[in-house]
Amino acid sequence: FGVTVPSPLPGEVAKAAGKKMKMVAGDMVAVYRKGGTGHREFDCVVTCFFIDTGDDLIEYFKTIDASIKEGGYWINLGPLNYKKELRLKLTWDEIKLVWEHMGYEFLETSQVQTSYHMMAGIKMYTERYDAAFSVARKLPKQQPAE
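One structure accompanies this document, and this report is about it. Chains are numbered independently. Their residues run from 1 in the order of the written sequence. Side-chain atom pairs in this predicted model are given and counted only at pLDDT of 80 or more, local residue features only at pLDDT of at least 70, and totals for whole chains, interfaces and linings cover all residues. As a rule here, side-chain values cover all heavy atoms of the structure and leave hydrogens and water aside.

## Here's the deal with the overall build of the protein chain
The helix and strand labels rest on DSSP assignments: H or I over at least four residues marks a helix, E over at least two residues marks a strand, and numbering proceeds from the N terminus. Helices and strands together make up the secondary structure of the protein chain, namely four helices and four strands. The order of α-helices and β-strands along the protein chain, N terminus first, is α-α-β-α-β-α-β-β. Expressed as a percentage of its 146 residues, the buried residues of the protein chain come to 30%. Contacts between residues were defined by any pair of non-hydrogen atoms, one from each residue, lying within 4.5 Å. Put simply, of all contacts in the protein chain between residues at least 6 apart along the chain, 67% involve residues at least 24 apart. Summed over all atoms, the accessible surface of the protein chain reaches about 10,500 Å², with 54% contributed by carbon and sulfur. Each residue gets one of three labels from its accessible area relative to the maximum for its type: buried under 20%, exposed over 50%, partly exposed in between, using a 1.4 Å probe on protein chains only. Each accessible area is a Shrake-Rupley estimate made with a 1.4 Å probe; only the visible protein chains count as cover when residues are assessed.

Okay, here's the thing in structure tokens:
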């Protein structure tokens, strides 16, 4: 399973279509949840150094899930470097169980050593994370038997 991101560059696609691409700071759950002003469904959602940033992991997961079409993909890369005050701090194995319960199958998972800032050797101090990389597919919902 191979993933190439981005292909093509999103800004170039938007420009060719006569549209603008923008990034908006704000509360992801409030904007993208079902019923939110920015809610849409995508074939793929990529979270990079992101899932450990929220105040409520389950709300984050529900919001991301609501943004992915059936048969779509969630690609994640990042560490679990939770805020100290966060009450629910799941391990990566626990996060995978939550997503599997939500109807996803993991096609790939691995641990990646990554630097958050500049590469090692360029500056004298470099933070390094053992990050989780995963690709999961949202399975079609089971139709109730008649």
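## Digging into the pairing of strand β4 (residues 128-138)
Here β4 lies mainly inside the structure; eight of its eleven residues are buried. Relative to β4, strand β2 (residues 68-78) runs antiparallel, the two being bridged by six bridges. Looking across to β4, one finds that Y73 is bridged to R137. In this analysis, strands are considered paired if DSSP registers two or more bridges between them.

## Examining the nonpolar core
Counting 20 residues, the largest nonpolar core has I51, F61, I64, W74, W92, I95 and W99 as its most contacted members. It is helix α3 (residues 57-66) that provides the largest number of residues to this core, a total of four residues. The residues touching W92, leaving out its near neighbours within four places in the chain, are I51, W74, N76, L80, F106, A132 and S134. Within this scheme, the nonpolar core is defined by two criteria: the residues are buried Ala, Val, Leu, Ile, Met, Phe, Trp, Tyr or Cys, and they are joined through side-chain atoms within 4.5 Å.

## Considering empty space enclosed by the protein
Here a cavity means grid points, on a 1 Å grid over the protein atoms only, where a 1.4 Å probe fits yet cannot get out; a pocket means an open set of points with protein on both sides within 12 Å along at least five of seven lines; lining residues are those with an atom within 4 Å of a point. Grid points are joined across faces, edges and corners, and a volume is the space filled by probe spheres set on the points. What the rule picks out here adds up to one cavity of 30 Å³ or more. In this structure, the largest cavity occupies an estimated 40 Å³ of space. Forming the boundary of the largest cavity are F49, F50, I51, N76, L77, G78, P79, L80, W92 and A132. In terms of residues, the lining of the largest cavity owes the most to one element, β2, which gives three residues. Tallied by class, residues from the lining of the largest cavity come to eight nonpolar, two polar and no charged. For this classification, the nonpolar set comprises Ala, Val, Leu, Ile, Met, Phe, Trp, Tyr, Cys and Pro, the charged set comprises Asp, Glu, Lys and Arg, and every other residue, Gly included, is treated as polar.

## As for helix α4 (residues 92-101)
Buried within α4 are the following residues: W92, I95, K96 and W99. For α4, the buried positions fall inside an angular range of 100° around the axis, keeping them on one side. Pointing more than 90 degrees away from the buried face of α4 are the exposed residues D93, L97 and H101. With its phi angle positive at about 105°, G103 sits one or two positions after the end of α4. Working definition: the arc comes from the directions between the helix axis and the C-beta atoms, pointing outward to the latter.

## Looking at the side chain of K96
Along the polypeptide, K96 turns up in helix α4. Only four residue types enter the tally: Lys and Arg on the positive side, Asp and Glu on the negative side, with His and both chain ends excluded. For this document, the term salt bridge refers to a Lys or Arg side-chain nitrogen within 4 Å of an Asp or Glu carboxyl oxygen. For the buried K96, which has no salt bridge, the nearest side chain bearing the opposite charge is D93, at an N-O separation of 4.4 Å. With near-sequence residues (within four places) excluded, K96 lies in contact with F106 and T109.

## Some details on the packing of aromatic side chains
Working definition: a ring pair exists when centres of Phe, Tyr or Trp rings (six-membered ring for Trp) sit within 6.5 Å. Plane angles under 30 degrees give stacked, over 60 give edge-to-face, the rest tilted. Across all of its chains, the model carries eight aromatic pairs by this definition. Judged by centre distance (6.5 Å) and plane angle (75°), the ring pair of W74 and F106 falls under edge-to-face. Here F106 lies in strand β3 (residues 104-115) and W74 lies in strand β2, a separation of 32 residues in the sequence. For W74, a relative accessible area of 0% translates into the label buried. Judged by its relative accessible area of 18%, F106 falls in the buried class.

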